[in-house]
Amino acid sequence: MAENIDLDVARYSPERDESPSLQRYTVPLRKDWVVLDALNYIKDRVDGSVTFRWSCRMGVCGSCGMMVNGEPKLTCATFLSSYAPGPVRVEPLRYFPVVRDLVVEMSDFMTKFRRVKPWLVRKEEKPISEGEYLQTPEQLDNYKQFSMCINCTLCYSACPVYGLDPFFVGPAAIAMAQRYNLDSRDEGADERMDILAQHEGIWGCTFVGECTKACPKNVDPAGSIQQYKLTAAMHWFKTLLIPKTSK
Amino acid sequence: MAKRPIEPLFWTLFSGGGVISAFFVPILLFLFALALPLGWITAPSYESLHHLVSLPLSRLFLFVVCSLPLFHWAHRFRYTLYDGLQIKHLNEFINVICYGGVIVGTVVSAYLLWNF
Amino acid sequence: MSVPIARSTPPHTPYHPRWYRKRVSTYWWLLQWSYFRFVLRELTSLGVAYSCVILLCLIRALSLGPQAYEDLQKRLASPVLVALTVVSLLLVLFHTVTWFSLSARAMVVRMGGKRVPGVLISASNYVAWLVVSGLLAWLLLR
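All values reported here derive from a predicted model rather than from experimental measurement.

Draft legend 1. Representation of the nonpolar core within the structure. Counting 117 residues, the largest nonpolar core has Val90(A), Met176(A) and Ile202(A) as the members making the most contacts within it. If you tally residues by element for this core, the top one is helix 1 (residues 7-35) of chain B, at 13 residues. Inspection of this core shows a minimum of three residues originating in each of domain 1 (4-104) and domain 2 (107-245) of chain A. When neighbours within four sequence positions are excluded, Val90(A) is seen to be in contact with Leu7(A), Asp8(A), Val9(A), Ala10(A), Val35(A), Leu39(A), Met66(A), Val68(A) and Leu102(A).

Dropping the structure here:
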């Protein structure tokens, strides 16, 4: 294995630059290093001005998402040696505005995520005296996969529709809506349906499937969206033929 | 009260068209546009084919096979134009071409099969 | 009340630094092999539309008489139409293959509490497709 590897890191300072440019750094190529280690090496030893987000460095917080050689990846889970002999191109997440260097502005995702009501909606809360909500393992199984999302938004960077359509709510948000819709404790499916099925919230999706490929937690957002489309379509027909079914 | 969206209907028709075209279109296209004209298979006589198509069940089947896949094309092509060429601002024009084409095709197939 | 909310960002102030927004290229679908495969999959709808048109021409020719049917057969045997048909057939076959793999991922089928693996759903689709095609061919050619 070679001694070193080159990293081409996107640099952008809004006060100075019109658009991002790549700056090359040489870092040691250690067998156990991930791209995040290389970036921290650069920040500690070479150029302290490089700016990027990271936190847990073990693939559970979702902070360190970046484009590595054109693919959205968690940099704490992407080994440097898989890109040998390099160079490795590290850029900020695609389809989001760039604040500086490798940091992107996530407000659009946050707004859309909040819109789907990602919490348990109950018509009436069960009083504490009645005890906990009980759920069988089968009921847990229904939504468990979609609950694994760490909000890293790699799926948003993989989805061309998100890049092209400003109204598209996005893979993670819809997967989260499905997670709560399928939860046996939740009673908010109708409310979410009203919000999502309007205004091309979900219908912009053309099942490209890139989101599922990019997801580091195997949430399969693409599958969840298609399932949601089916539910929404059946709901549409049901409320058309039996008007009293709505709400 | 929020307006009732039309997209779920379009998506259902698109899915139905996708299933129909996935199952029935390959063999029909292969037989009638390739194997028979090029003489790879001995053609059935005109009378037997005419008789087969004139049966009510065949007419219904052919109506479905000619109209639903067209809808599948319209819906899919509309989104391909939106995303592929980024011409969503021309959406009225695109909708007319796509869904208008489907309506024309459906009407033509209904007319042809009714008067067969 | 329900107003479409397009992309939202915090409000801009005169001292707020300028974020960089890259415009998505018109050729985004050429920049990645997976994107190109996706657009090819979507373009299979053109093959489907072509097949519908051919079927309608066929029905019309059949209703007009044996001579019209003969003429259509000759037309279909011309090099241009054969080429178009071959391309459409490839597109339609690609549609079938991709549709079966997509529908396996889009549907959740549960049997006996456990989720049926997607491979099984695709496999049963292929079997059904072969049976249906065989049946149609037999019906039309006997």
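So much for the structure itself; the text now carries on.
Draft legend 2. Layout of the sheet that holds strand 1 (residues 4-11) of chain A. All names here are of chain A. In space, the five strands of this open sheet follow the order 2-1-5-3-4, with mixed pairing throughout. Each edge of the sheet is formed by a strand with only one pairing partner; in this case those strands are strand 2 (21-28) and strand 4 (71-74). The average undirected angle you get between the axes of adjacent strands in this sheet is 35°. When strand 3 (residues 65-68) meets strand 5 (residues 88-91), the two strands line up antiparallel, connected through two bridges. Within strand 5, the residue paired with Met67 across the bridge is Glu91.

Draft legend 3. A look at the domain arrangement of chain A. All names here are of chain A. Per the domain assignment, the segments of chain A are domain 1 (4-104) and domain 2 (107-245). If you look at the interface, domain 1 gives 13 residues, while domain 2 gives 12 residues. Of all elements in the fold, only strand 3 and strand 4 reach the threshold of two or more residues within the side of domain 1 that touches domain 2. Each residue belonging to the side of domain 1 that touches domain 2 can be placed in one class, and the counts come to eight nonpolar, three polar and two charged.

Draft legend 4. The arrangement of the interface of chain B and chain A in detail. Each side of the interface is counted separately: chain B has 10 residues, and chain A has 12 residues. Looking at the side of chain B that touches chain A, the elements that each hand over two or more residues are helix 1 and helix 3 (56-84) of chain B. Counting residues per element, the side of chain B that touches chain A draws most heavily on helix 1 of chain B, at five residues. Along the lines of polarity and charge, the residues of the side of chain B that touches chain A split into six nonpolar, two polar and two charged.

Cut-offs used in this document
- Residues numbered from 1 in each chain as written.
- Chains lettered and ligands numbered in written order.
- Predicted model: local features only at pLDDT ≥ 70, side-chain atom pairs only at ≥ 80, totals over all residues.
- Core = buried A, V, L, I, M, F, W, Y, C linked by C-beta atoms within 7 Å.
- Buried ≥ 20, exposed ≤ 12 C-beta atoms within 10 Å, placed from the backbone.
- Helix = DSSP H or I, 4+ residues; strand = E, 2+ residues; numbered from the N terminus.
- Domains from an automatic or database assignment.
- Contact = placed C-beta atoms within 7 Å.
- Pairing = 2+ DSSP bridges.
- Axes fitted to C-alpha atoms, helices over the stretch in contact; angles between N-to-C directions.
- Nonpolar A, V, L, I, M, F, W, Y, C, P; charged D, E, K, R; others polar.

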